[in-house]
Amino acid sequence: MSSVMILEQILNFIVDTYMVEIDEIPLNESLIDEGIIDSFGLIELASFLEKAFLIQVNDDDLTRDNFSSINKMIALVDRKKSHD
Amino acid sequence: MTNNIERCSKCIQSKNYPKIKFEENGVCNFCNKKNKSTKIEASFIDNAKIKISNLFDNRIKRGEYDAVVCYSGGKDSTYVLKLAVEKYGLNVLAFTLDNGYIAEVAWKNIRKVVDSLGVDHWVYRPSSENYKAIARASAITDVYRKNTLTRISAICNSCISMVNITALKIALEKKIPFILAGFTLGQIPINAIIYKNHYKFLADSRLESLNKLREEVGDVVDDYLCIKDELINEVKEYPHNVNILCIEDVTETEIKDAIAPLGWVSPKDVDGCSSNCMLNTFNNYVHEEVFGYNPYEMELSHLIREGLMTRSEALDKINDSSVEQIAPIMASLSIEKNDIISVKNVYDSKR
(Lines give C-alpha, C1' and ligand atoms only; values in the text may rest on other atoms or scores of the structure.)
Protein backbone atom coordinates (compact mmCIF):
# COMPACT_ATOMS: atom_id res chain seq x y z
CA MET A 1 0.00 0.00 0.00
CA SER A 2 1.43 3.38 -0.99
CA SER A 3 1.82 6.35 1.36
CA VAL A 4 -0.77 8.22 -0.73
CA MET A 5 -3.34 5.47 -0.12
CA ILE A 6 -2.57 5.48 3.60
CA LEU A 7 -2.95 9.28 3.65
CA GLU A 8 -6.28 9.06 1.85
CA GLN A 9 -7.69 6.56 4.34
CA ILE A 10 -6.49 8.54 7.38
CA LEU A 11 -7.94 11.77 5.98
CA ASN A 12 -11.27 10.10 5.21
CA PHE A 13 -11.41 8.76 8.77
CA ILE A 14 -10.65 12.17 10.27
CA VAL A 15 -13.22 13.97 8.09
CA ASP A 16 -15.83 11.36 8.93
CA THR A 17 -15.13 11.20 12.65
CA TYR A 18 -14.15 14.69 13.79
CA MET A 19 -16.48 16.90 11.77
CA VAL A 20 -13.75 18.78 9.89
CA GLU A 21 -13.32 19.58 6.20
CA ILE A 22 -10.41 18.01 4.40
CA ASP A 23 -8.73 21.37 3.79
CA GLU A 24 -8.76 22.06 7.53
CA ILE A 25 -6.54 19.07 8.29
CA PRO A 26 -2.81 19.82 8.53
CA LEU A 27 -0.36 17.11 7.52
CA ASN A 28 2.64 18.25 9.54
CA GLU A 29 0.98 19.77 12.61
CA SER A 30 -0.37 18.12 15.74
CA LEU A 31 -4.09 17.34 15.48
CA ILE A 32 -4.31 17.97 19.23
CA ASP A 33 -2.70 21.40 18.99
CA GLU A 34 -5.06 22.24 16.12
CA GLY A 35 -8.06 21.34 18.31
CA ILE A 36 -9.22 18.58 15.95
CA ILE A 37 -8.86 15.69 18.40
CA ASP A 38 -8.61 15.20 22.18
CA SER A 39 -7.40 12.25 24.25
CA PHE A 40 -10.23 10.02 23.01
CA GLY A 41 -9.19 11.05 19.50
CA LEU A 42 -5.71 9.67 20.09
CA ILE A 43 -7.20 6.40 21.30
CA GLU A 44 -9.48 6.29 18.26
CA LEU A 45 -6.67 7.02 15.81
CA ALA A 46 -4.42 4.32 17.27
CA SER A 47 -7.27 1.84 17.05
CA PHE A 48 -8.14 2.98 13.51
CA LEU A 49 -4.55 2.50 12.28
CA GLU A 50 -4.53 -1.06 13.65
CA LYS A 51 -7.78 -2.03 12.01
CA ALA A 52 -7.44 -0.18 8.71
CA PHE A 53 -3.86 -1.22 7.96
CA LEU A 54 -3.77 -4.55 9.83
CA ILE A 55 -0.84 -3.57 12.01
CA GLN A 56 -0.20 -4.02 15.72
CA VAL A 57 0.31 -0.73 17.56
CA ASN A 58 2.22 -1.70 20.72
CA ASP A 59 2.69 0.27 23.95
CA ASP A 60 6.14 1.32 22.74
CA ASP A 61 4.58 2.83 19.59
CA LEU A 62 2.28 5.09 21.62
CA THR A 63 4.54 8.13 21.70
CA ARG A 64 4.08 11.77 20.92
CA ASP A 65 6.57 11.41 18.10
CA ASN A 66 4.59 8.72 16.26
CA PHE A 67 1.26 10.56 16.58
CA SER A 68 2.33 14.21 16.42
CA SER A 69 1.13 14.66 12.82
CA ILE A 70 -0.55 12.77 10.01
CA ASN A 71 2.78 12.40 8.21
CA LYS A 72 4.28 10.86 11.37
CA MET A 73 1.36 8.42 11.52
CA ILE A 74 1.90 7.47 7.88
CA ALA A 75 5.58 6.86 8.66
CA LEU A 76 4.55 4.61 11.57
CA VAL A 77 2.23 2.58 9.32
CA ASP A 78 4.97 2.35 6.64
CA ARG A 79 7.50 1.08 9.18
CA LYS A 80 5.07 -1.45 10.61
CA LYS A 81 4.05 -2.72 7.15
CA SER A 82 7.66 -3.05 6.01
CA HIS A 83 8.42 -5.28 9.04
CA ASP A 84 5.55 -7.67 8.15
CA MET B 1 -33.00 26.32 27.85
CA THR B 2 -33.38 24.89 24.36
CA ASN B 3 -36.96 23.54 24.52
CA ASN B 4 -38.24 25.14 21.32
CA ILE B 5 -35.14 24.88 19.13
CA GLU B 6 -35.26 23.33 15.63
CA ARG B 7 -34.23 19.66 15.81
CA CYS B 8 -33.73 16.70 13.49
CA SER B 9 -37.06 15.00 12.83
CA LYS B 10 -35.62 11.56 13.76
CA CYS B 11 -33.26 12.28 16.65
CA ILE B 12 -32.97 15.29 18.96
CA GLN B 13 -29.81 16.94 17.63
CA SER B 14 -30.52 20.61 17.22
CA LYS B 15 -29.60 23.30 14.72
CA ASN B 16 -26.76 24.64 16.92
CA TYR B 17 -24.95 21.29 17.09
CA PRO B 18 -21.56 21.61 15.35
CA LYS B 19 -21.52 20.64 11.64
CA ILE B 20 -25.18 19.58 11.65
CA LYS B 21 -27.08 19.76 8.36
CA PHE B 22 -30.77 19.06 7.95
CA GLU B 23 -31.33 17.03 4.80
CA GLU B 24 -34.44 15.47 3.24
CA ASN B 25 -37.54 15.49 5.50
CA GLY B 26 -35.66 17.37 8.20
CA VAL B 27 -33.42 14.39 8.96
CA CYS B 28 -29.90 15.35 10.07
CA ASN B 29 -26.63 14.27 8.47
CA PHE B 30 -25.74 12.25 11.60
CA CYS B 31 -28.87 10.07 11.24
CA ASN B 32 -28.25 9.63 7.51
CA LYS B 33 -24.61 8.70 8.15
CA LYS B 34 -25.73 6.16 10.76
CA ASN B 35 -27.88 4.40 8.15
CA LYS B 36 -24.73 3.80 6.11
CA SER B 37 -22.45 2.72 8.98
CA THR B 38 -24.67 0.28 10.89
CA LYS B 39 -22.91 -2.85 9.58
CA ILE B 40 -19.45 -1.49 10.42
CA GLU B 41 -20.56 -0.61 13.96
CA ALA B 42 -22.11 -4.05 14.44
CA SER B 43 -18.85 -5.74 13.48
CA PHE B 44 -16.91 -3.41 15.82
CA ILE B 45 -19.17 -4.42 18.70
CA ASP B 46 -18.95 -8.12 17.85
CA ASN B 47 -15.15 -7.85 17.86
CA ALA B 48 -15.23 -5.93 21.15
CA LYS B 49 -17.34 -8.69 22.73
CA ILE B 50 -14.76 -11.30 21.76
CA LYS B 51 -11.87 -9.15 22.93
CA ILE B 52 -13.53 -8.43 26.28
CA SER B 53 -14.21 -12.14 26.87
CA ASN B 54 -10.60 -12.96 26.04
CA LEU B 55 -9.23 -10.20 28.26
CA PHE B 56 -11.34 -11.25 31.25
CA ASP B 57 -10.94 -15.00 30.73
CA ASN B 58 -7.16 -14.75 30.42
CA ARG B 59 -6.60 -12.22 33.19
CA ILE B 60 -3.53 -12.73 35.28
CA LYS B 61 -4.00 -12.25 39.00
CA ARG B 62 -1.40 -9.76 40.11
CA GLY B 63 -3.17 -8.19 43.08
CA GLU B 64 -6.25 -8.43 45.23
CA TYR B 65 -8.75 -7.17 42.62
CA ASP B 66 -9.51 -7.87 38.96
CA ALA B 67 -11.09 -4.51 38.25
CA VAL B 68 -11.72 -1.08 39.70
CA VAL B 69 -15.24 0.05 38.82
CA CYS B 70 -15.85 3.80 38.67
CA TYR B 71 -19.10 3.84 40.57
CA SER B 72 -21.08 7.09 40.63
CA GLY B 73 -24.25 5.53 41.97
CA GLY B 74 -26.11 6.34 38.76
CA LYS B 75 -28.10 3.67 36.94
CA ASP B 76 -25.46 2.94 34.27
CA SER B 77 -22.49 2.46 36.60
CA THR B 78 -24.72 0.43 38.94
CA TYR B 79 -25.54 -1.87 36.01
CA VAL B 80 -21.85 -2.09 35.11
CA LEU B 81 -20.99 -3.05 38.70
CA LYS B 82 -23.66 -5.76 38.57
CA LEU B 83 -22.38 -7.06 35.21
CA ALA B 84 -18.79 -7.07 36.46
CA VAL B 85 -19.69 -9.18 39.48
CA GLU B 86 -22.52 -11.38 38.22
CA LYS B 87 -21.90 -11.77 34.47
CA TYR B 88 -18.12 -11.68 34.34
CA GLY B 89 -17.31 -12.97 37.83
CA LEU B 90 -14.72 -10.28 38.50
CA ASN B 91 -13.44 -9.46 41.96
CA VAL B 92 -13.99 -5.71 41.93
CA LEU B 93 -13.20 -2.64 43.96
CA ALA B 94 -15.95 -0.06 43.54
CA PHE B 95 -14.71 3.51 43.63
CA THR B 96 -16.80 6.67 44.07
CA LEU B 97 -15.57 10.23 43.68
CA ASP B 98 -17.62 12.31 46.09
CA ASN B 99 -17.83 15.72 44.47
CA GLY B 100 -20.11 17.07 47.20
CA TYR B 101 -23.12 17.14 44.86
CA ILE B 102 -24.21 13.49 44.88
CA ALA B 103 -27.92 13.31 45.75
CA GLU B 104 -28.85 11.78 49.13
CA VAL B 105 -30.92 9.07 47.46
CA ALA B 106 -27.93 8.25 45.27
CA TRP B 107 -25.77 7.72 48.38
CA LYS B 108 -28.40 5.36 49.78
CA ASN B 109 -28.36 3.53 46.44
CA ILE B 110 -24.56 3.29 46.54
CA ARG B 111 -24.53 1.77 50.02
CA LYS B 112 -27.34 -0.68 49.23
CA VAL B 113 -25.80 -1.81 45.94
CA VAL B 114 -22.23 -2.38 47.19
CA ASP B 115 -23.61 -4.29 50.18
CA SER B 116 -25.97 -6.32 48.02
CA LEU B 117 -23.20 -7.27 45.59
CA GLY B 118 -20.73 -7.85 48.43
CA VAL B 119 -17.97 -5.68 46.96
CA ASP B 120 -15.35 -3.50 48.61
CA HIS B 121 -15.97 0.21 48.17
CA TRP B 122 -13.61 3.16 48.31
CA VAL B 123 -14.80 6.79 48.44
CA TYR B 124 -12.52 9.67 47.59
CA ARG B 125 -13.68 13.20 48.39
CA PRO B 126 -11.49 16.03 47.07
CA SER B 127 -11.42 19.08 49.34
CA SER B 128 -14.62 21.01 48.74
CA GLU B 129 -12.69 24.23 48.16
CA ASN B 130 -10.46 22.67 45.51
CA TYR B 131 -13.29 20.82 43.78
CA LYS B 132 -15.39 23.97 43.56
CA ALA B 133 -12.43 25.98 42.26
CA ILE B 134 -11.87 23.43 39.47
CA ALA B 135 -15.59 23.29 38.66
CA ARG B 136 -15.81 27.09 38.60
CA ALA B 137 -12.80 27.46 36.34
CA SER B 138 -14.17 24.77 34.01
CA ALA B 139 -17.51 26.55 33.71
CA ILE B 140 -16.37 30.13 33.18
CA THR B 141 -13.09 29.86 31.24
CA ASP B 142 -12.27 28.25 27.93
CA VAL B 143 -10.42 25.34 29.56
CA TYR B 144 -11.45 22.89 26.83
CA ARG B 145 -11.58 23.08 23.06
CA LYS B 146 -15.04 23.23 21.50
CA ASN B 147 -14.55 19.80 19.89
CA THR B 148 -14.02 18.22 23.31
CA LEU B 149 -17.34 19.59 24.52
CA THR B 150 -19.64 18.27 21.79
CA ARG B 151 -20.87 15.45 23.99
CA ILE B 152 -20.11 16.60 27.52
CA SER B 153 -20.30 19.78 29.57
CA ALA B 154 -17.08 21.40 30.79
CA ILE B 155 -17.64 20.69 34.50
CA CYS B 156 -18.61 17.07 33.78
CA ASN B 157 -15.45 16.73 31.69
CA SER B 158 -13.26 17.95 34.56
CA CYS B 159 -15.09 15.75 37.06
CA ILE B 160 -14.81 12.67 34.85
CA SER B 161 -11.12 13.42 34.29
CA MET B 162 -10.67 13.38 38.08
CA VAL B 163 -12.52 10.07 38.23
CA ASN B 164 -10.40 8.59 35.42
CA ILE B 165 -7.10 9.75 36.89
CA THR B 166 -7.99 8.60 40.41
CA ALA B 167 -9.14 5.22 39.08
CA LEU B 168 -5.87 4.87 37.17
CA LYS B 169 -3.87 5.72 40.33
CA ILE B 170 -5.80 3.06 42.26
CA ALA B 171 -5.29 0.51 39.48
CA LEU B 172 -1.55 1.19 39.28
CA GLU B 173 -1.02 1.20 43.04
CA LYS B 174 -3.03 -1.98 43.58
CA LYS B 175 -1.91 -3.68 40.35
CA ILE B 176 -5.49 -3.97 39.06
CA PRO B 177 -5.58 -4.89 35.35
CA PHE B 178 -8.97 -3.42 34.39
CA ILE B 179 -10.83 -0.14 34.89
CA LEU B 180 -14.58 -0.26 34.21
CA ALA B 181 -17.00 2.67 33.97
CA GLY B 182 -20.61 3.26 33.02
CA PHE B 183 -20.00 4.91 29.65
CA THR B 184 -22.37 4.19 26.78
CA LEU B 185 -21.77 4.58 23.06
CA GLY B 186 -22.74 8.13 22.30
CA GLN B 187 -20.76 9.23 25.36
CA ILE B 188 -17.56 7.71 24.04
CA PRO B 189 -16.43 6.77 20.52
CA ILE B 190 -16.83 3.19 19.32
CA ASN B 191 -13.04 2.81 19.06
CA ALA B 192 -12.75 3.52 22.78
CA ILE B 193 -14.77 0.54 24.07
CA ILE B 194 -11.47 -1.08 25.04
CA TYR B 195 -8.19 0.76 25.30
CA LYS B 196 -4.91 0.65 27.13
CA ASN B 197 -4.90 3.57 29.60
CA HIS B 198 -1.41 4.75 28.62
CA TYR B 199 -0.96 7.77 30.87
CA LYS B 200 2.17 9.16 29.23
CA PHE B 201 0.76 8.85 25.70
CA LEU B 202 -2.48 10.60 26.63
CA ALA B 203 -0.87 13.23 28.88
CA ASP B 204 0.10 15.48 25.97
CA SER B 205 -3.49 15.70 24.81
CA ARG B 206 -4.52 16.95 28.27
CA LEU B 207 -1.69 19.44 28.70
CA GLU B 208 -3.42 22.52 27.28
CA SER B 209 -6.52 22.17 29.48
CA LEU B 210 -4.38 21.24 32.47
CA ASN B 211 -2.28 24.39 32.05
CA LYS B 212 -5.42 26.51 31.82
CA LEU B 213 -6.76 24.97 35.03
CA ARG B 214 -3.36 25.56 36.70
CA GLU B 215 -3.53 29.21 35.67
CA GLU B 216 -7.00 29.59 37.16
CA VAL B 217 -6.79 27.36 40.24
CA GLY B 218 -3.09 26.82 40.93
CA ASP B 219 -0.82 23.78 40.97
CA VAL B 220 -3.21 22.03 43.36
CA VAL B 221 -5.01 20.73 40.24
CA ASP B 222 -2.07 18.35 39.77
CA ASP B 223 -3.20 16.47 42.90
CA TYR B 224 -6.43 15.53 41.14
CA LEU B 225 -5.57 15.47 37.43
CA CYS B 226 -1.99 14.16 37.31
CA ILE B 227 -0.09 11.11 38.46
CA LYS B 228 3.32 11.56 40.04
CA ASP B 229 6.40 10.48 38.09
CA GLU B 230 7.45 8.10 40.90
CA LEU B 231 4.37 5.98 40.24
CA ILE B 232 4.36 6.30 36.43
CA ASN B 233 8.05 5.48 36.09
CA GLU B 234 7.48 2.15 37.83
CA VAL B 235 4.68 1.08 35.47
CA LYS B 236 5.39 -2.11 33.57
CA GLU B 237 1.95 -2.39 32.04
CA TYR B 238 -0.97 0.05 32.01
CA PRO B 239 -4.46 -1.27 32.79
CA HIS B 240 -7.15 -1.62 30.13
CA ASN B 241 -10.22 0.58 30.31
CA VAL B 242 -13.10 -1.68 29.35
CA ASN B 243 -16.48 -0.08 28.77
CA ILE B 244 -18.68 -3.15 29.05
CA LEU B 245 -21.99 -1.28 28.84
CA CYS B 246 -21.19 -0.37 25.23
CA ILE B 247 -21.60 -3.99 24.13
CA GLU B 248 -24.95 -4.48 25.87
CA ASP B 249 -28.12 -4.04 23.83
CA VAL B 250 -30.25 -2.79 26.68
CA THR B 251 -32.85 -0.08 27.28
CA GLU B 252 -32.98 2.27 30.26
CA THR B 253 -36.08 0.48 31.57
CA GLU B 254 -34.32 -2.88 31.34
CA ILE B 255 -31.34 -1.43 33.23
CA LYS B 256 -33.57 -0.06 35.98
CA ASP B 257 -35.45 -3.37 36.22
CA ALA B 258 -32.17 -5.26 36.48
CA ILE B 259 -30.76 -3.11 39.30
CA ALA B 260 -33.98 -2.72 41.29
CA PRO B 261 -33.43 -6.05 43.13
CA LEU B 262 -30.14 -4.59 44.43
CA GLY B 263 -32.17 -1.86 46.16
CA TRP B 264 -31.55 0.89 43.58
CA VAL B 265 -34.32 3.49 43.24
CA SER B 266 -34.51 6.57 40.98
CA PRO B 267 -33.54 9.77 42.83
CA LYS B 268 -36.10 12.55 42.52
CA ASP B 269 -33.80 15.53 43.16
CA VAL B 270 -31.77 15.24 39.94
CA ASP B 271 -32.65 16.08 36.33
CA GLY B 272 -33.77 13.73 33.57
CA CYS B 273 -30.24 13.15 32.27
CA SER B 274 -28.61 12.19 35.56
CA SER B 275 -29.43 9.60 38.18
CA ASN B 276 -26.96 10.73 40.82
CA CYS B 277 -25.51 14.25 40.47
CA MET B 278 -27.18 17.53 41.41
CA LEU B 279 -24.63 19.59 39.44
CA ASN B 280 -25.93 18.25 36.17
CA THR B 281 -28.73 20.75 35.56
CA PHE B 282 -26.35 23.66 36.10
CA ASN B 283 -23.70 22.09 33.85
CA ASN B 284 -26.26 21.66 31.07
CA TYR B 285 -27.53 25.20 31.58
CA VAL B 286 -24.03 26.65 31.14
CA HIS B 287 -23.42 24.49 28.06
CA GLU B 288 -26.70 25.58 26.49
CA GLU B 289 -26.00 29.24 27.24
CA VAL B 290 -22.49 29.05 25.78
CA PHE B 291 -22.94 26.71 22.82
CA GLY B 292 -26.70 26.76 22.20
CA TYR B 293 -27.31 23.03 22.49
CA ASN B 294 -27.69 20.44 25.26
CA PRO B 295 -24.57 18.30 25.89
CA TYR B 296 -26.72 15.15 26.04
CA GLU B 297 -28.03 15.57 22.47
CA MET B 298 -25.40 13.27 20.97
CA GLU B 299 -25.75 10.53 23.59
CA LEU B 300 -29.55 10.47 23.55
CA SER B 301 -29.67 10.65 19.74
CA HIS B 302 -27.37 7.63 19.61
CA LEU B 303 -29.82 5.70 21.81
CA ILE B 304 -32.70 6.75 19.49
CA ARG B 305 -30.77 5.55 16.42
CA GLU B 306 -30.07 2.23 18.15
CA GLY B 307 -33.79 1.80 18.91
CA LEU B 308 -33.09 1.90 22.66
CA MET B 309 -35.06 5.09 23.32
CA THR B 310 -37.86 6.95 21.56
CA ARG B 311 -37.46 10.55 20.39
CA SER B 312 -40.23 11.56 22.76
CA GLU B 313 -38.49 9.91 25.75
CA ALA B 314 -35.26 11.69 24.85
CA LEU B 315 -36.99 15.06 24.61
CA ASP B 316 -38.64 14.44 27.99
CA LYS B 317 -35.22 13.80 29.46
CA ILE B 318 -33.55 16.99 28.31
CA ASN B 319 -36.62 19.05 29.15
CA ASP B 320 -36.75 17.57 32.66
CA SER B 321 -34.34 19.96 34.37
CA SER B 322 -34.29 20.98 37.99
CA VAL B 323 -34.14 24.71 37.19
CA GLU B 324 -34.65 25.63 40.83
CA GLN B 325 -31.17 24.18 41.52
CA ILE B 326 -29.38 26.55 39.13
CA ALA B 327 -29.25 29.66 41.33
CA PRO B 328 -28.06 27.86 44.51
CA ILE B 329 -25.38 25.99 42.53
CA MET B 330 -24.20 29.24 40.91
CA ALA B 331 -23.97 30.79 44.37
CA SER B 332 -22.10 27.80 45.77
CA LEU B 333 -19.53 28.09 42.94
CA SER B 334 -19.41 31.93 43.12
CA ILE B 335 -20.49 32.21 39.48
CA GLU B 336 -22.54 35.09 38.15
CA LYS B 337 -24.50 35.36 34.91
CA ASN B 338 -21.87 37.75 33.52
CA ASP B 339 -19.18 35.08 33.96
CA ILE B 340 -21.14 32.80 31.64
CA ILE B 341 -21.67 35.57 29.10
CA SER B 342 -17.92 36.24 29.16
CA VAL B 343 -16.95 32.64 28.40
CA LYS B 344 -19.58 32.50 25.66
CA ASN B 345 -17.95 35.54 24.06
CA VAL B 346 -14.53 33.87 24.26
CA TYR B 347 -15.80 30.72 22.54
CA ASP B 348 -17.77 32.76 19.99
CA SER B 349 -14.62 34.69 19.07
CA LYS B 350 -12.97 31.37 18.14
CA ARG B 351 -15.59 30.51 15.51
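How each quantity is defined
- Residues numbered from 1 in each chain as written.
- Chains lettered and ligands numbered in written order.
- Predicted model: local features only at pLDDT ≥ 70, side-chain atom pairs only at ≥ 80, totals over all residues.
- Heavy atoms only, no water.
- Pairing = 2+ DSSP bridges.
- Helix = DSSP H or I, 4+ residues; strand = E, 2+ residues; numbered from the N terminus.
- Axes fitted to C-alpha atoms, helices over the stretch in contact; angles between N-to-C directions.
- Buried < 20%, exposed > 50% of the residue type's maximum accessible area, 1.4 Å probe, protein only.
- Contact = heavy atoms within 4.5 Å.
- Phe/Tyr/Trp six-rings, centres within 6.5 Å; stacked < 30°, edge-to-face > 60°.
- 1 Å grid on protein atoms, 1.4 Å probe; cavity = no way out; pocket = protein on both sides within 12 Å on 5 of 7 lines; lining within 4 Å.
- Points joined across faces, edges and corners; volume = space filled by probe spheres on them.
- Nonpolar A, V, L, I, M, F, W, Y, C, P; charged D, E, K, R; others polar.
- Parallel < 35°, antiparallel > 145°, perpendicular 65-115°, else oblique.
- Left-handed = near helix turned anticlockwise from the far one by under 90°.
- pLDDT = per-residue confidence, 0-100.

Let's shift gears to the sheet that holds strand 1 (residues 67-70) of chain B. Residues and elements named next belong to chain B. In space, the 6 strands of this open sheet follow the order 3-2-1-4-6-5, with mixed pairing throughout. Either end of the sheet is taken by a strand with one partner, and the two such strands are strand 3 (120-124) and strand 5 (194-196). Across the sheet, the mean angle from the axis of one strand to that of its neighbour is 25°, orientation sign disregarded. Bridging between strand 4 (residues 178-180) and strand 6 (residues 240-242) involves 3 bridges; their strand directions are parallel. Across the sheet, residue leucine 180 finds its bridge partner in strand 6, namely valine 242.

With that settled, the discussion passes to the environment of B:Glu216. All names here are of chain B. Its location among the elements puts glutamate 216 in helix 6 (residues 199-217). Look at glutamate 216 and you get partly exposed, because its relative accessible area is 46%. Expressed as a C-alpha distance, the spacing of glutamate 216 and isoleucine 134, which sit 82 residues apart in the sequence, is 8.2 Å. For glutamate 216, the contacting residues outside a window of four places in its chain are Ala137 and Thr141.

Another aspect to go through is the packing of aromatic side chains. All names here are of chain B. Going through the model one piece at a time under the given rule, you end up with 14 aromatic pairs over all chains. Aromatic side chains phenylalanine 56 and tyrosine 88 sit 5.0 Å apart centroid to centroid with 75° between the ring planes, which places their arrangement in the edge-to-face category. Residue phenylalanine 56 is located in helix 1 (residues 29-57), and its partner tyrosine 88 is located in the loop between helix 2 (75-87) and strand 2 (92-97); the two are separated by 32 residues in the primary sequence. A connected cluster of aromatic rings, assembled from ring pairs, spans Tyr17, Phe30, Phe291, Tyr293 and Tyr347.

This brings us to empty space enclosed by the protein. Counted under the stated rule, the structure contains 4 cavities of 30 Å³ or more. There is about 90 Å³ of room inside the largest cavity. Forming the boundary of the largest cavity are 14 residues, of which B:Ser138, B:Ala139, B:Ala154, B:Val286 and B:His287 lie nearest the centre. Here the lining of the largest cavity gets 5 residues from one element, more than from any other, and that element is helix 10 (residues 280-291) of chain B. The class makeup of the residues in the lining of the largest cavity is 9 nonpolar, 5 polar and no charged. In this structure, the second largest cavity occupies an estimated 70 Å³ of space. In this structure, the second largest cavity is lined by A:Ser30, A:Leu31, A:Ile32, A:Leu42, A:Thr63, A:Arg64, A:Phe67, A:Ser68, B:Phe201 and B:Asp204. Listing elements by their share of the lining of the second largest cavity, those giving two or more residues are helix 3 (64-67) of chain A together with helix 6 of chain B. Among the residues making up the lining of the second largest cavity, the classes are represented as 5 nonpolar, 3 polar and 2 charged.

Attention now goes to the packing of helix 10 of chain B against helix 14 (residues 337-349) of chain B. Residues and elements named next belong to chain B. Two elements in contact, helix 10 and helix 14, have axes whose closest approach is 8 Å; the angle formed by their N-to-C orientations is 45°. In terms of axis orientation, helix 10 runs oblique to helix 14. Two packed elements cross with a definite hand, and for helix 10 against helix 14 that hand is right-handed. Counted together, Tyr285, Val286, Glu289, Val290 and Phe291 of helix 10 and Lys337, Ile340, Val343, Lys344, Tyr347 and Asp348 of helix 14 form the full contact between these two elements. When its residues are assigned to classes, the contact of helix 10 with helix 14 shows 7 nonpolar, no polar and 4 charged.

Scored by pLDDT, chain A has a mean of 89; 99% of the residues are at 70 or more. Across chain A, the secondary-structure element scoring lowest on mean pLDDT is helix 3 of chain A, at 88, and the one scoring highest is helix 4 (residues 70-82) of chain A, at 92.

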